[in-house]
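Descriptive structure summary
Here is what each chain is made of, one letter per residue.
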Amino acid sequence: MQPSGRTLFWSLALVGLLGAVITVSAGIGPVWIPPDAVAKVLLNAVVLPTAVDLSGATPAVTTQPLFRFPVEDIQRQIVLQVRLPRILLGAIVGFSLAAAGTIMQGIFRNPMADPSIIGVSSGAAVGAVGFIVAPVALPFGLGLRAAAFSGALLSAFGVYLIATQNGRTPVATLLLAGVAVQTFLGAVVSFLLLQSGESIRRALFWLMGHLKGAAWPEVWTSILLVAVPFVVLLVYARDLNVMLLGEEDAQSLGIDVERTKRILLAFSSLVTAAGVAVAGIIGFVGLIVPHVMRLVVGPDHRVLLPTAALAGSSFLVATDTLARSGSAEVPVGIVTAALGAPFFLYLLRQREVHEL
C-alpha cells in the first residue's frame, strides 16, 4: 500500500478511536452520563452557517444545527461547558507532544529521544515557576502561559545557538548542549521553588502536569499554535526520512540538511511549547507513543507523524480521564509516568531498541 493510502487508513482508524475515547471520557465524572447521551450532545453541537450579516460593526453568522436529538439541559451543560474543553485540550496537548517526540526521535535517530531533549520543558518550567514566584500583570489572563511559552522557546533557541558552529549543528553536540541546559535550568527551578514561599504548592502542581481548569479560549488558542507548525512538520516528513540514512547521504541526495534541521527543530519546539504552556510538564507521551506507533506503522514519517500525533491525543485523554476519576484528582503527569514507564520497560524487554 502507498504511504498516502496507509496514512489515510491509519488516520481514519485513530480518529475513530479518539472519537470513542472522547465520548466515553465526557460521560465519566461525579455525574455519570451514558455514552449515547454524550454522543447526542456532541452531535447537537454540530452546526452549519446559513447566513452572514455584515450590516453591524462585527459580522454576525447565523447557524443551523444539523441534529436535534432530545437531551437533558443539565447533561448538555456538563458535557459542553465543563468536560469537553478539558478533554479537547488534553487531545491537543497529547497531539503536540507525540508529534514533537516523533520529530525528535527522527532527528536524533534514536527512539529514546523525547520533546524535552533540547530543554523546551525545562525552559517552560523556569518561565512558569518564575511567574508564580514573581507574577507580572499581563492582559487577557495569559501571564503564566505566556511565561511558560516564552521560556520554552528561549531555551530551545539557546540550545540551538550553543550547539551551532560555523553554520553546522551536529546532532551529538545538540544532544549534549540540551542535557547541559536542562541540568542548569533544573537548578534554576529548584532555586525558585526555595524562594516561592506560599506559592510552592501552585508551582509544584504546575510542574506535575495537569489539565484542570481548562476553558474554551485555551482550546482555540492551542489549536492555532499547534496546527500551523504541524502542517510544516508534515511537509518535511519526507526529508526527515532521507536524513535517517545519515547526513552525508541525505546531502548527496539533494537535501539541505542544516536548513531542514533548523526548520524541524524550530517548529517541533513551537509545538512542544504550545502543549507545555497550557498543561505543565507531562512526561512519556512524546517518548512512548511514537515508539509504539513505529512498531505498528513502520518508520516512514509520512505515515508515522500523523498517526503518532492522533494516538497521542487518545492516550492523554484516556490518562487524564483516569486521573480525574478517583475520589481525589491526581495530576495527569503522574499518571502518564506511572503507566508509561513500566510499559516502556516491557517494550524494551520484548524488543531490542536500536538506532532508527
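Here's a quick rundown of the structure. (Residues numbered from 1 in each chain as written. Predicted model: local features only at pLDDT ≥ 70, side-chain atom pairs only at ≥ 80, totals over all residues. Heavy atoms only, no water.)

Core analysis: the biggest nonpolar cluster contains 78 residues, and Val 93, Phe 108, Ile 118, Trp 206, Ile 282 and Met 293 have the highest contact counts within it. When sequence neighbours within four positions are dropped, the list of residues in contact with Phe 108 reads Ala 113, Ile 117, Ile 118, Val 171, Leu 174 and Leu 175. Counting 15 residues, the second largest nonpolar core, distinct from the first, contains Leu 18, Ile 78, Val 79 and Ile 87. (Core = buried A, V, L, I, M, F, W, Y, C linked by side-chain atoms within 4.5 Å. Buried < 20%, exposed > 50% of the residue type's maximum accessible area, 1.4 Å probe, protein only. Contact = heavy atoms within 4.5 Å.)

Attention now goes to helix H5 (residues 143-163). Along its 21 residues, H5 runs 30 Å from first to last C-alpha, staying within 8% of the 30 Å computed at 1.5 Å per residue. Restricting attention to buried positions, one finds in H5 the residues Gly 143, Leu 144, Ala 147, Ala 148, Phe 149, Gly 151, Ala 152, Ser 155, Ala 156, Val 159, Tyr 160 and Ala 163. Each element contacted by the buried residues of H5 is listed here: helix H4 (120-133), helix H6 (171-194), helix H7 (200-208), helix H8 (216-235) and helix H11 (257-279). (Helix = DSSP H or I, 4+ residues; strand = E, 2+ residues; numbered from the N terminus. Expected span 1.5 Å × (residues − 1).)

Taken together, the side chains of Leu 43, Val 46, Leu 48, Leu 66, Phe 67 and Phe 69 present a nonpolar region at the surface, about 470 Å² in accessible area. By the secondary structure assignment, Leu 43 is in helix H2 (residues 35-44). (Patch = residues over 30% accessible without salt bridge, like charges linked within 9 Å, V, L, I, M, F, W, Y side chains within 5 Å. Areas by Shrake-Rupley, 256 points an atom, 1.4 Å probe, with all protein chains shown as cover. Salt bridge = Lys/Arg side-chain N within 4 Å of Asp/Glu carboxyl O.)

Turning our eyes to something else, we now look at the pattern of salt bridges. Considering all chains together, one arrives at nine salt bridges under this definition. Among the ionic pairs, Asp 73 bridges to Arg 76, the shortest N-O distance being 2.7 Å. One end of the pair, Asp 73, and the other, Arg 76, are both in helix H3 (residues 73-107), three residues apart, so they sit about a helical turn from each other. Accessibility expressed as a relative area gives 32% for Arg 76, which makes it partly exposed. One salt bridge connects Arg 86 with Asp 320, and the closest N-O pair in it is separated by 2.8 Å. Highlighted residues: Arg 86 in helix H3 and Asp 320 in helix H13 (residues 301-323), separated in sequence by 234 residues.

Right, let's talk about unusual backbone geometry for a bit. Leaving glycine aside, a negative phi is the common case for residues, and trans is the common case for peptide bonds. Of note in this structure, Arg 109 is not a glycine but carries a positive phi near 50°. Its location among the elements puts Arg 109 in the loop between H3 and H4. A positive phi angle, close to 55°, is found at Asn 166, a residue other than glycine. Here Asn 166 is to be found in the loop between H5 and H6.

This next bit is on helix H1 (residues 3-27). With 25 residues, H1 should reach 36 Å at 1.5 Å per residue; the first-to-last C-alpha distance of 36 Å fits that figure. Of the positions making up H1, those classed as buried are Thr 7, Ser 11, Leu 14, Leu 18, Val 21, Ile 22, Thr 23, Ser 25, Ala 26 and Gly 27. Those residues of H1 hidden inside the fold are in contact with H2, H3, helix H12 (285-297) and H13.

Before going further, it helps to spend a moment on the packing of H1 against H3. Here H1 crosses H3 at 140°, and the two axes come no closer than 10 Å. Between H1 and H3, the crossing angle belongs to the class labelled oblique. Handedness of the H1/H3 crossing: right-handed. Facing H1, whose interface residues are Leu 18, Ile 22, Ser 25, Ala 26 and Gly 27, H3 presents Val 79, Arg 83, Leu 84, Ile 87, Leu 88 and Ala 91. Among the residues forming the contact of H1 with H3, the class breakdown is eight nonpolar, two polar and one charged. (Axes fitted to C-alpha atoms, helices over the stretch in contact; angles between N-to-C directions. Parallel < 35°, antiparallel > 145°, perpendicular 65-115°, else oblique. Left-handed = near helix turned anticlockwise from the far one by under 90°. Nonpolar A, V, L, I, M, F, W, Y, C, P; charged D, E, K, R; others polar.)

In total, this model carries four aromatic pairs according to the counting rule given. Consider the rings of Phe 67 and Phe 69, whose centres lie 5.7 Å apart with planes at 10°: the pair is stacked. According to the relative accessible area criterion, Phe 67 is partly exposed, its value standing at 33%. Accessibility expressed as a relative area gives 34% for Phe 69, which makes it partly exposed. (Phe/Tyr/Trp six-rings, centres within 6.5 Å; stacked < 30°, edge-to-face > 60°.)

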